[in-house]
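# Examining the three-dimensional arrangement
Chain by chain, the residues run as shown.
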Amino acid sequence: MITPTPLMRLVAGVWGFKTLAVAVELGLFTRLANGRTLTVDEAAAELGLAERPTDLLLAASASLGLLEKAGDGYRNSDLAEQFLVEGRPYYFGAQVRYSDLRTYLPWHRIGEALRSDRPLTWDPQTQQSMFDTADPEMLAQFWDAMYSTSSFTARALADAYDFGAHTRLLDVGGGAGAFPIELCRRLPDLRATIFDLPHVCVRAEERISAAGLAGRIVTVAGDFLADPALPDGHDVILLSMILHDWDVPTNRALLAKCYAALPPGGAVVVCELLLNDERTGPPEAALMGMNMLVETEGGKNYSGAEYTAWLADAGFVDIRTVPFDAPGANGAVVARRA
């Protein structure tokens, strides 16, 4: 018998996210780091809350797999201990905070975005793009959010595609450098270049230095949309979580630049949340497409078949799709310059 239970789960989805977001805001998981356990009364005193809301928060967090019961108290689950404690190498709280502060409220106006076909998180009349903002703190949160997601996506991509066949990687729109850092840690003979806007390169250099990879990863400041050509001298170009930000003509033009910048035999790797060819899922890709309606002027999520067609039109050969499971992507479309 069909029931509305699946619809109720969709309704309650936002409750789960906001429980996670407020727990991160309160520093709950950081307080419980390293196996520390707190009872409801102890947590209430530390958080400055009354007993009833504290009890509800702890129970809800446990139901979501973020906490676990230990006697009369609660402690972090393995998931929270690894990714939601501030200062951990792959802290995911920045992604939670960015989504909560930047995109959650605009999503309440999704009907406006559907009717206007205009982004809600920034104003195209006064800003050049979603990355153009006078709020440095919001930009910092964005790049920190992307770093955690990208780090684990890079690991999954490295398991699925052999970057060991290459020696020089160009990461176009590489952000704070998560992909080159993870790939260079894994492959000692690989060197990499991050090509991004000047202020982004500054953040990338900080991350590169902290990772001890300043001798193997460099940054080149530029604009991959406005500049006539990409930096050359690389045998593989990575476009990770880039093309979903832009419309079809922009993406075709960028792939043409990739082709021109590669030597014969060089490869391009398009890493994305790919829709299936029927454009009916998976939900992660389709819902990210809806988020592109909120955050971009022309972006959407595309299928592997669409990327394959564009790559073929640009002159690439040996095009194939490599599936994997990661927070920021579910596959990569890989092609070679003839």
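Residues numbered from 1 in each chain as written. Predicted model: local features only at pLDDT ≥ 70, side-chain atom pairs only at ≥ 80, totals over all residues. Heavy atoms only, no water.

## Some points on the overall build of the chain
Defined as follows: A run of H or I in DSSP counts as a helix once it spans at least four residues, and a run of E counts as a strand once it spans at least two, with each numbered from the N terminus. Just to be clear, the radius of gyration here is over C-alpha atoms, and the globule rule we use is 2.2 Å times residues to the power 0.38. Burial classes: relative accessible area under 20% of the type maximum marks a residue as buried, over 50% as exposed, and values in between as partly exposed (1.4 Å probe, protein chains only). Throughout, a contact is declared for two residues whenever any of their heavy atoms are within 4.5 Å. Residue burial considers only the protein chains on display, and all accessible areas are found by Shrake-Rupley using a 1.4 Å probe. Charge assignment: positive for Lys and Arg, negative for Asp and Glu; neither His nor the chain ends contribute. Lys charges are placed at NZ, Arg charges at CZ, Asp charges at CG and Glu charges at CD.
Within the chain, the regular secondary structure consists of 13 helices and 10 strands. Relative to the compact-globule value of 20 Å for 338 residues, the chain shows a C-alpha radius of gyration of 21 Å, a close match. Based on the C-alpha atoms only, the size of the chain along its principal axes is roughly 65 × 50 × 45 Å. Counting every position in the chain, which comprises 338 residues, the buried fraction comes to 50%. Of the contacts made within the chain by residues no fewer than 6 positions apart, 68% connect residues no fewer than 24 positions apart. Here the chain has roughly 15800 Å² of accessible surface; of this, 55% comes from carbon and sulfur atoms. The positive charge centre, built from 28 side chains, and the negative charge centre, built from 43, are 1 Å apart in the chain.

## Digging into the pattern of salt bridges
The cut-off we apply is this: A pair is scored as a salt bridge if a Lys or Arg side-chain nitrogen falls within 4 Å of a carboxyl oxygen belonging to Asp or Glu.
Summed over the entire model, instances satisfying the criterion amount to 17 salt bridges. With a closest N to O distance of 3.6 Å, E295 and R102 form a salt bridge. With E295 in helix α12 (residues 283–295) and R102 in helix α6 (residues 93–107), this residue pair connects regions lying 193 residues apart in the sequence. Look at R102 and you get buried, because its relative accessible area is 11%.

## Considerations on the nonpolar core
What counts here: Side-chain atoms within 4.5 Å are what join buried Ala, Val, Leu, Ile, Met, Phe, Trp, Tyr and Cys residues into a set we call a nonpolar core.
Ranked by size, the top nonpolar core spans 33 residues in total, and within it L157, F163, L169, I217, V269 and F324 carry the most contacts. Looking at this core, the elements that each hand over two or more residues are α8 (136–160), α9 (178–186), β5 (191–196), α10 (198–210), β7 (236–240), β8 (267–272) and β10 (331–337). If we skip the residues at most four places from it in the chain, I217 touches P180, I181, C184, A192, I194 and I208. L274, Y307, W310 and F316 belong to the second largest nonpolar core, which has 25 residues in total.

## Comments concerning a nonpolar patch on the surface
The condition that has to hold: Residues form patches when they are more than 30% accessible in relative terms and have no salt bridge. Like charges link within 9 Å. Nonpolar side chains (Val, Leu, Ile, Met, Phe, Trp, Tyr) link within 5 Å.
Together, M8, V11, V14 and W15 make up an exposed nonpolar region whose accessible area comes to about 380 Å². Mapped onto the elements, M8 comes out in helix α1 (residues 5–25). Judged by its relative accessible area of 44%, M8 falls in the partly exposed class.

## A short note on α6
Every α-helical turn comprises 3.6 residues, leaving residues that sit three or four positions apart pointing alike. Quick reminder of the rule: Take the number of residues in a helix, subtract one, and multiply by 1.5 Å to get its expected span. The angle between axes fitted to the seven-residue stretch ending at a residue and the seven-residue stretch beginning at it gives the bend at that residue.
Compared with the 21 Å implied by 1.5 Å per residue over 15 residues, the 20 Å span of α6 between its first and last C-alpha is a close match. Roughly 40° is the biggest bend found in α6, and it falls at D100.

## Considering the sheet that holds β10
This is how the line gets drawn: Any two strands are treated as partners once DSSP identifies two or more bridges connecting them. Simply put, an axis is a line fit to the C-alpha atoms, just over the touching stretch for a helix, and the angle between two N-to-C directions goes from 0 to 180 degrees.
Pairing in this open sheet of 7 strands is mixed, and the strands run β6-β5-β4-β7-β8-β10-β9 from one edge to the other. With partners counted over all chains shown, the strands left at the sheet margins are β6 (217–221) and β9 (316–323), one partner each. The sheet shows a mean angle of 20° between the axes of neighbouring strands, direction not considered. As judged from the 3 bridges shared by strand β4 (residues 168–172) and β7, these two strands associate in the parallel manner. Across the sheet, D171 pairs through a bridge with L238, a residue of β7. In this fold helix α11 (residues 248–261) packs onto β4, β7, β8, β9 and β10, with an angle of close to 160° to the strand it touches most, β7.

Remember that the coordinates give geometry; whether it matters functionally is a separate question.
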